[in-house]
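These are the residues of each chain, in order.
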Amino acid sequence: MKIKFLLAAAASMAMIMPLASCSEEPLPEAELPILAWHSIPDFQTSDERFQELADCGFNLSFTCGAPHIDGLKKQLDAAQKAGVKIMANCIELYTEPAEAVAQIIDHPALYGYFLRDEPLPAAFPGLAEWAQKIKDADKGAHTIYLNLLPNYVDPAALVISYREYVRKFIDEVNLPLVSFDFYPVTTEGIRQSWYDNLQVIADESAKSGLPFWAFSLSVPHWSYPMPTMASMRLQQYTNLAYGAFGLQYFTYWTPGPGSDADYHDAPISWEGEKTETYDKVKALNAELQARAGVFVGSNVVSLAHTGETVPPNCKRLEEMPAHVKSLSTGADGAVVSLLENGEWNYLVVVSRTLEKPITLDVEFDEKASMVDREGNLEKVAKGKNSFTIEEGDVAIFRFKK
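Here's a quick rundown of the structure. The shown structure was predicted, so the numbers you read here are calculated from the model rather than taken from an experiment.

1. Some points on the sheet that holds strand E15 (residues 344-351)
Taken together, 6 strands build an open sheet; the order of strands is E12-E14-E15-E20-E17-E18 and the sheet is antiparallel. Pairing within the sheet leaves two strands with one partner each, and these edge strands are strand E12 (299-305) and strand E18 (377-380). Taking each pair of neighbouring strands and ignoring which way they run, the sheet shows an average axis angle of 25 degrees. Sheet strands in contact with helix H10 (residues 229-241) are E12, strand E14 (334-341), E15 and strand E20 (394-400), and its direction is about 145 degrees off that of E15.

2. Topic: the side chain of His142
With respect to the element layout, His142 can be found in the loop between helix H6 (124-138) and strand E6 (143-147). A relative accessible area of 19% means that His142 is categorised as buried. Not counting the four nearest positions on each side in its chain, His142 is found in contact with Ile105, Leu110, Tyr111, Gly112 and Tyr113.

3. Quick notes on the sheet that holds strand E10 (residues 212-217)
Read from one edge to the other, the open sheet built from 8 strands follows the order E6-E5-E4-E3-E2-E11-E10-E7, with strand pairing classed as parallel. Two strands bound the open sheet, and with one partner strand each, they are E6 and strand E7 (178-179). Taken together, the 3 bridges between strand E2 (residues 34-37) and strand E3 (residues 60-62) define a ladder with parallel strand orientation. Following the sheet pairing, Ala36 is matched in E3 by Ser61.

4. Quick look at the packing of aromatic side chains
Here the distance between the centres and the angle between the planes together describe a pair of aromatic rings. A full pass over the atoms with the stated rule returns 23 aromatic pairs. Pairing Phe124 with Tyr165 gives two aromatic rings, centres 5.7 Å apart and planes at 25 degrees, and the pair type is stacked. Placement of the pair is Phe124 in helix H6 and Tyr165 in helix H8 (residues 162-173), with a sequence separation of 41 residues. As far as the burial class goes, Phe124 and Tyr165 line up, both buried. With centroids separated by 4.9 Å and ring planes inclined at 50 degrees, the aromatic side chains of Trp194 and Tyr195 adopt a geometry described as tilted. One exposure class covers both Trp194 and Tyr195, and it is buried. Over the aromatic face of Tyr152 sits the side chain of Arg191, whose NZ or CZ is 4.1 Å from the ring centroid. The side chain of Arg398 reaches across the aromatic face of Trp344, ending 3.5 Å from its centre.

What counts, and where the lines are drawn
Residues numbered from 1 in each chain as written. Predicted model: local features only at pLDDT ≥ 70, side-chain atom pairs only at ≥ 80, totals over all residues. Heavy atoms only, no water. Pairing = 2+ DSSP bridges. Helix = DSSP H or I, 4+ residues; strand = E, 2+ residues; numbered from the N terminus. Axes fitted to C-alpha atoms, helices over the stretch in contact; angles between N-to-C directions. Contact = heavy atoms within 4.5 Å. Buried < 20%, exposed > 50% of the residue type's maximum accessible area, 1.4 Å probe, protein only. Phe/Tyr/Trp six-rings, centres within 6.5 Å; stacked < 30°, edge-to-face > 60°. Lys NZ or Arg CZ within 6 Å of the ring centre and 35° of its normal.

Shown next, in the form of structure tokens:
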């Protein structure tokens, strides 16, 4: 684990000695929904391809370029064998929703239904009508899903404010979850408006009692660079710190040639070969699932930012979370989230920089445990402690409520 533990009273000893594992109660068993967006193309459907997807740590699959329902049924059969579920997408779901739902509703690999991507407000009435037809046929057995636009969309296109856009979607389309796409890591740095976007989605979802899903980018294109473990960790752990229920990657399969976006090096190339991104995503997904017991079923108690500057419209950390007497990252920024989950509180500190490690100085008012990459618990002493958090990485601490 790259997060190095240093006891303030014995820093030199802590630098060379591993932490002892706690004998306390382990993390509860849990599983995060992790969706592969632009997954296995219809013409590549096979048992082997879906097993490859599952081996990469995905338990949900969504294929773009809607096939006919016969192709969707083949996807469902192959996905079931691999232990993966499908977010259904087919032409008939649009043209004949009731009949399409009737043909797949009882398939054990069906997770839900996809409507469309990034709608403007003018599309909401039609989407609500379409969703209602699916609900009537499905009787609430499965979810219905689409992705909202990010907050950097042209305001003239939205007509209303971004928060009003999210609220209008929730109220009018009336789906059981909220999802949005935003890819913050660019060749110019991290888009700081991402944090405000997350906050708006988290706020409006919580008001409605709905879970929300968010993305990490896993395919270079335009001004988006090659994904690294640091960049994907930063995105997924920040999503979770803000309360995301489901995680997604754009994309799993590299979109086909001919686009001016110049997509390349997603986990699977257009030709069907694994890229170096595949192993990175596989490792990160294993890490996320090992820590799923922290996040699944949790609620955000408080969330704020540290650092010399904080992102626009974000709260600066001034009042310490429960169990914490003092906390600082110096000039470097971090997201500081306190989660409650059952009888436990979790302090989640995510670096906001991909340029260098940050130093977390924190004083606890009681003994804590640190959650490592494998989901193991390591004792942390009461009092002052110092930790090094690598670029884009996270430190997670657990306390009894």
